[in-house]
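One-letter residues, chain by chain:
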Protein chains: 2
Amino acid sequence: MTGRRNPGERRRRMIEAACELIPEVGVNGLTHRLVAARAGVPLGATTYYFASLDDLVAAALARAAEVTEEALRLWHEELGRSADVPATLAALTADYLRERDRMVTWNELYAAAAHRPELRPLARLWLDGLTRSLSGHAGARAARAAAVFVDGALLHSLINDEPLDTESLERSLAALLGMDAAMDTT
Amino acid sequence: MTGRRNPGERRRRMIEAACELIPEVGVNGLTHRLVAARAGVPLGATTYYFASLDDLVAAALARAAEVTEEALRLWHEELGRSADVPATLAALTADYLRERDRMVTWNELYAAAAHRPELRPLARLWLDGLTRSLSGHAGARAARAAAVFVDGALLHSLINDEPLDTESLERSLAALLGMDAAMDTT
DNA sequence: CGCGTAGTAGTACGTTTGTACATGTACGGA
DNA sequence: TCCGTACATGTACAAACGTACTACTACGCG
């Protein structure tokens, strides 16, 4: 297709391979050799394109964050045109609960960020973005609380075979989003 | 004190060292040598007392789970004699938010359990225990939702320098625990 | 066309890893 | 008292690691 020589594509392939590998072996389980094998490139390519293994990991996590931001945009739109915000949010969450790899990856990012502060802004993306989207439909407190709850539900599903059902999600989110309906919104 | 020869104590020291190390280097960052150095025992001791590194890690996580169960008992008592359950739960959570190492360790357990199913029962301990405690004060749905929210708040504090304030916690928990006050409790 | 640069590929090296093992020492039961 | 067993400790080793390096090849620019 693109012939043999294709720097951008090779770099992309390695990042993609790293993203694939993270749910399988964890962030700390990544090695040059594992990524090279998965991407179908020689070992040397990994050090040619990334100054260090940390750089490769960072690139992979940044890519994962891009995917998350994409989802965030989708959620924002969906919530924008929704008549019943809690129900829509519950449905979106319930769908997301099924994409295990995404959530494992995201939790790996959380764990990595707990040890490496420079990753924290990346890790905050999801929660902050979701809070911002919900701020259009509830007070600041309620929005953040709902976002925290959604994150908790995602975490919960990593550990439990049976995740929270849609009805529970909907009731909980309705309660949280409506909690300071007639109050100040600090 | 106990003289030199003291198997139980040595084993305990190594597990304690591993527990100390987990918040610093992560579960996957643990090595025999690191644990041995921290515990002040020769390298050989680690393989004498633990069949493999995985066993050592499992023992450390099991110890962390014991500490968690202790906290769980405390929470259960405190909630039992409370007149205002949401306020008490919010206060307990706010206190817990300050113990960063505990939470990092617990999140490491979550991440590890996502890859190794045999750790999942251990990881479920906290959420299930908290849900059980809350079941005495709310419907099953509300109890689980509140537990999920607390877990989300703990996770949130790993990433954000400013964790949720007590008032937000209290309002959120009150909303969740009271959400199906006059409804069925499936 | 020729040539320099950027990409490709294989290999080598020094370190650190998990684990095995050989040797030494204290202690409890006979 | 003596001895076997359980514990202690230092060292050894193969594997896997991150990374550096050398040689080779294609492509764009003069």
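Look up a bit, the structure's there.
What you see as residue numbers is a count from 1 along each chain, following the sequence as written. Here every chain gets a letter starting at A, and every ligand a number starting at 1, in the order they are written. Whole-chain, interface and lining totals are the exception, using all residues; otherwise, since this is a predicted model, local features are given only for residues with pLDDT of at least 70 and side-chain atom pairs are given and counted only at 80 or more. With hydrogens and water set aside, each side-chain value is computed from the structure's full complement of heavy atoms.

## Some words on helix 8 (residues 140–159) of chain A
Secondary structure counts use DSSP, requiring at least four H or I residues in a row for a helix and at least two E residues in a row for a strand, with both numbered from the N terminus. Multiplying 1.5 Å by the helix residue count minus one yields the expected span of that helix. In this model helix 8 of chain A runs 30 Å from its N-terminal to its C-terminal C-alpha over 20 residues, within 8% of the 28 Å that 1.5 Å per residue would give. Exposed residues in this analysis have more than 50% of their type's maximum accessible area, buried residues have under 20%, and partly exposed residues fall in between, with area computed by a 1.4 Å probe over protein chains only. Taken across its 20 residues, helix 8 of chain A has 18 buried, putting it largely inside the fold.

## Regarding empty space enclosed by the protein
Only protein atoms enter the 1 Å grid used here. Points where a 1.4 Å probe fits but cannot escape make up a cavity, open sets with protein on both sides within 12 Å along at least five of seven lines make up a pocket, and a residue lines them when an atom lies within 4 Å of a point. Grid points are joined across faces, edges and corners, and a volume is the space filled by probe spheres set on the points. Taken as a whole and judged by the stated rule, the model has one cavity of 30 Å³ or more. The space that makes up the largest cavity amounts to roughly 30 Å³. As for the largest cavity, its lining consists of A:Tyr110, A:Ala123, A:Leu127, A:Asp151, B:Leu155, B:His156, B:Ile159 and B:Asn160. Of all the secondary-structure elements, those providing two or more residues to the lining of the largest cavity are helix 7 (120–135) of chain A together with helix 8 (140–159) of chain B. Per-element accounting of the lining of the largest cavity gives the leading share, three residues, to helix 8 of chain B. Three classes are used: nonpolar for Ala, Val, Leu, Ile, Met, Phe, Trp, Tyr, Cys and Pro, charged for Asp, Glu, Lys and Arg, and polar for all others, with Gly counted as polar. Counted by class, the lining of the largest cavity contains five nonpolar, two polar and one charged residues.

## As for the relation of the copies chain B and chain A
For the least-squares superposition of copies, only C-alpha atoms count, and only for residues with pLDDT at least 70 in both. In screw terms, the move from chain B to chain A is a rotation of 180 degrees and a rise of 0.0 Å along the axis, fitting with an RMSD of 0.1 Å. In symmetry terms, the pair is related by a two-fold rotation axis. Across chain B, the rotation axis passes nearest the C-alpha of B:Gly152, at a separation of 1.8 Å. Taken as a fraction of all interface residues of chain B, those also at the interface in chain A reach 100%, which identifies the copy contact as same-surface. Any two residues whose heavy atoms approach within 4.5 Å are treated as being in contact.

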